[in-house]
Amino acid sequence: MTLSPARVPATGVRRLTATLYGYSFLDDFVLLYPVYALLFADTGLSLWQISSLFALWSITGVLLEVPSGAWADTVSRRRLLWIGPLLTAVGFALWVVTPSYWAFAVGFVLWGAGGALGSGALEALVYDELDRLGAADQYARVMGRARAARLVGTMGSAGLAGPAFALGGYPVVGAASILVCLLTAATATRFPEHRVRPATGEESWATTLRTGLAEVRADRSVRGALLLIPAVAAVWGALDEYTPLLVRDIGVAEATVPYLILLIWAGVTAGSLLTGPAERLGTRGLAVLLAAAALAMAVGAVAGSVAGIALVGLAFGGFQVAEVLADVRLQHRIDDSRRATLTSVASLGTELATVATFALYALLGTELAHSTVFAVLAIPYLVTALALTRSRAATARP
């Protein structure tokens with residue numbers, strides 16, 4: 001039987017999205033996530049040593065983010081997507097088999113390297129494959145659902161880590177995490193990839209990086225789209241780490257805090273699922289969304305109630321939508337031969353802005369309540385919304 005032309009792309013899209021959703025879920029369904037800090041402490045590490053491990057993890061990601069993105073534009077992106085989880089699996093194995101400071105440090109370097117290999121490569125592969133199938137307009141909806149799958153994986157790992165730990169302690173949790181990494185790598189091999197890559201020796205990753213950055217300098221629309229991603233993603237991504245402190249300050253019992261955190265993440269998940277319809281918002285609509293989410297976060301944080309926490313969850317859902325839409329704007333504006341490179345540059349900007357937000361939060365938090373700091377950090381979103389409005393007005397002028 002011969003398939004119709006309309007059915008062939010539909011089948012290809014289904015294969016791509018099914019692989020993407022499975023990969024995204026498994027990539028965050030790691031039972032070590034909720035307990036690895038406890039593993040470090042139980043091994044006898046000091047708070048300074050644990051903090052240095054987190055710093056090493058971040059530094060690894062920052063150093064490798066852009067080079068790995070440029071590399072993904074010169075080699076098979078699918079290959080990088082399955083190598084990354086294997087590196088992470090090796091790191092987790094070191095943690096469980098030989099728990100020590102240096103084993104944890106090597107594990108974090110491998111984990112950071114694995115994450116850097118996938119950052120940029122995944123978005124570029126998905127966009128190019130959708131574009132090949134004539135379905136690039138579905139990118140926002142597809143990536144929103146992929147992020148929702150990641151959130152489900154994160155929440156699922158948090159729910160199962162406790163029973164697994166009760167069953168066999170860190171060895172069982174570690175073994176389950178290694179198995180999931182192997183399944184993630186196996187799933188990545190199922191990604192379709194039809195991109196024509198440069199011939200060996202034709203273009204190095206360094207050349208790809210230079211030409212990609214030249215495109216940013218030369219094209220104002222690309223530059224604006226690239227800067228929008230860290231402007232949208234960094235602040236709320238950093239604030240997420242402080243939500244337990246914000247929740248506890250409203251006076252609920254310690255045992256209630258996880259449930260209210262789940263309430264916040266329910267808002268984020270809902271936002272992920274709404275990115276497809278939200279793509280019709282345009283620049284002005286995106287500015288309104290950011291401003292509304294910023295106000296909701298500020299009001300919800302200072303309310304000091306469960307309803308206020310729900311409002312923070314609604315705001316985070318809005319920021320999630322805006323983050324995906326910012327990624328869509330960038331993907332629509334860049335050339336496929338530089339796609340992973342420039343996506344990684346945007347991710348690097350997000351990482352650096354997130355670190356700056358952590359520092360600012362620490363500075364403000366020494367004198368102000370967590371609720372006040374949340375409200376203050378809503379201001380950058382209002383500034384971004386104003387900048388988007390001004391850019392749209394400037395573009396509209398003859």
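Residues numbered from 1 in each chain as written. Predicted model: local features only at pLDDT ≥ 70, side-chain atom pairs only at ≥ 80, totals over all residues. Heavy atoms only, no water.

Asks: Help me out: how do you make sense of helix α9 (residues 220–239) in this one?
Replies: Since there are 3.6 residues in each turn of an α-helix, residues three or four apart along the chain are aligned in direction. Compared with an ideal rise of 1.5 Å per residue, which puts 20 residues at 28 Å, α9 spans 30 Å between its outermost C-alpha atoms and is within 8% of the ideal. At Ala 233, α9 shows its strongest bend, of approximately 25°. (Helix = DSSP H or I, 4+ residues; strand = E, 2+ residues; numbered from the N terminus. Expected span 1.5 Å × (residues − 1). Bend = angle between axes of the 7 residues up to and from the residue.)

Asks: It is not clear to me how the nonpolar core should be interpreted in this structure. Could you clarify?
Replies: Generally speaking, soluble globular proteins have nonpolar side chains that are buried together. Counting 55 residues, the largest nonpolar core has Leu 239, Val 247, Leu 290, Met 297, Phe 316, Phe 319 and Phe 374 as its most contacted members. Considering each element in turn, this core owes the most residues, 10 residues, to helix α14 (residues 306–333). Setting aside its immediate chain neighbours within four residues, Leu 290 contacts Val 232, Phe 319, Ala 322, Tyr 381, Thr 384, Ala 385 and Leu 388. In this structure, Leu 80, Leu 122, Val 126 and Ala 140 belong to the second largest nonpolar core, which totals 29 residues. (Core = buried A, V, L, I, M, F, W, Y, C linked by side-chain atoms within 4.5 Å. Buried < 20%, exposed > 50% of the residue type's maximum accessible area, 1.4 Å probe, protein only. Contact = heavy atoms within 4.5 Å.)

Asks: Explain the UniProt feature "transmembrane region" (unreviewed entry) in the chain here, please?
Replies: If you check UniProt for "transmembrane region" (unreviewed entry), the listed places come out as residues 20–41, 47–68, 80–97, 172–191, 259–278, 285–303, 340–362 and 368–388 in our numbering. Helix makes up 68% of residues 20–41 and strand 0%. Its end C-alpha atoms lie 35 Å apart. Along residues 80–97, the helical share is 100% and the strand share 0%, with 26 Å between the first and last C-alpha atoms. (UniProt positions renumbered as here; feature names shortened; annotations may be inferred.)

Asks: Is there a simple way to explain the pattern of salt bridges in this structure?
Replies: A side chain with one charge can pair with a side chain of the opposite charge if their charged atoms come near. This model, assessed by the stated rule, comprises five salt bridges. The salt bridge involving Arg 77 is made with Asp 128; its shortest N-O contact spans 2.6 Å. With Arg 77 in helix α4 (residues 77–97) and Asp 128 in helix α6 (residues 121–132), this residue pair connects regions lying 51 residues apart in the sequence. Between Arg 147 and Glu 323 there is a salt bridge whose closest N-O contact spans 2.9 Å. Of the two residues, Arg 147 is situated in helix α7 (residues 139–188) and Glu 323 in helix α14; the sequence distance between them amounts to 176 residues. Under the relative-accessibility criterion, Glu 323 is labelled buried at 16%. Here the residues in one salt-bridge network are Asp 27, Asp 28 and Arg 150, joined through shared partners. (Salt bridge = Lys/Arg side-chain N within 4 Å of Asp/Glu carboxyl O.)

Asks: It is not clear to me how the confidence of the model for the chain should be interpreted in this structure. Could you clarify?
Replies: Note that predicted coordinates carrying low pLDDT should not be read in detail. Per-residue pLDDT for the chain has a mean of 84; in total, 88% of the residues score no lower than 70. Below a pLDDT of 50 lies the segment residues 1–5, which in the model reaches two contacts outside its immediate sequence neighbourhood of four places, other chains included. (pLDDT = per-residue confidence, 0-100.)

Asks: I keep staring at the packing of aromatic side chains and nothing clicks. Help me out?
Replies: How two aromatic rings sit relative to each other is given by the distance of their centres and the angle of their planes. If you walk through the whole model with that rule in mind, you get 28 aromatic pairs. A centroid spacing of 5.1 Å and a plane angle of 20° characterise the contact between Phe 25 and Phe 29, whose relative ring orientation is stacked. Taking the relative accessible area as the measure of exposure, Phe 25 reaches 27% and is therefore partly exposed. The buried category is assigned to Phe 29, whose relative accessible area is 17%. In textbook terms, an aromatic cluster arises when at least three aromatic residues are bridged by ring pairs, as seen for Tyr 33, Tyr 36, Phe 40, Trp 57, Phe 92, Trp 95, Phe 104, Phe 108 and Trp 111. (Phe/Tyr/Trp six-rings, centres within 6.5 Å; stacked < 30°, edge-to-face > 60°.)

Asks: What should I look at first to understand a nonpolar patch on the surface in this one?
Replies: Taken together, Leu 368, Val 376, Ile 379 and Val 383 make up a surface patch of nonpolar side chains, about 300 Å² in accessible area. As for its placement among the helices and strands, Leu 368 is situated in the loop between α15 (339–365) and α16 (370–376). (Patch = residues over 30% accessible without salt bridge, like charges linked within 9 Å, V, L, I, M, F, W, Y side chains within 5 Å. Areas by Shrake-Rupley, 256 points an atom, 1.4 Å probe, with all protein chains shown as cover.)

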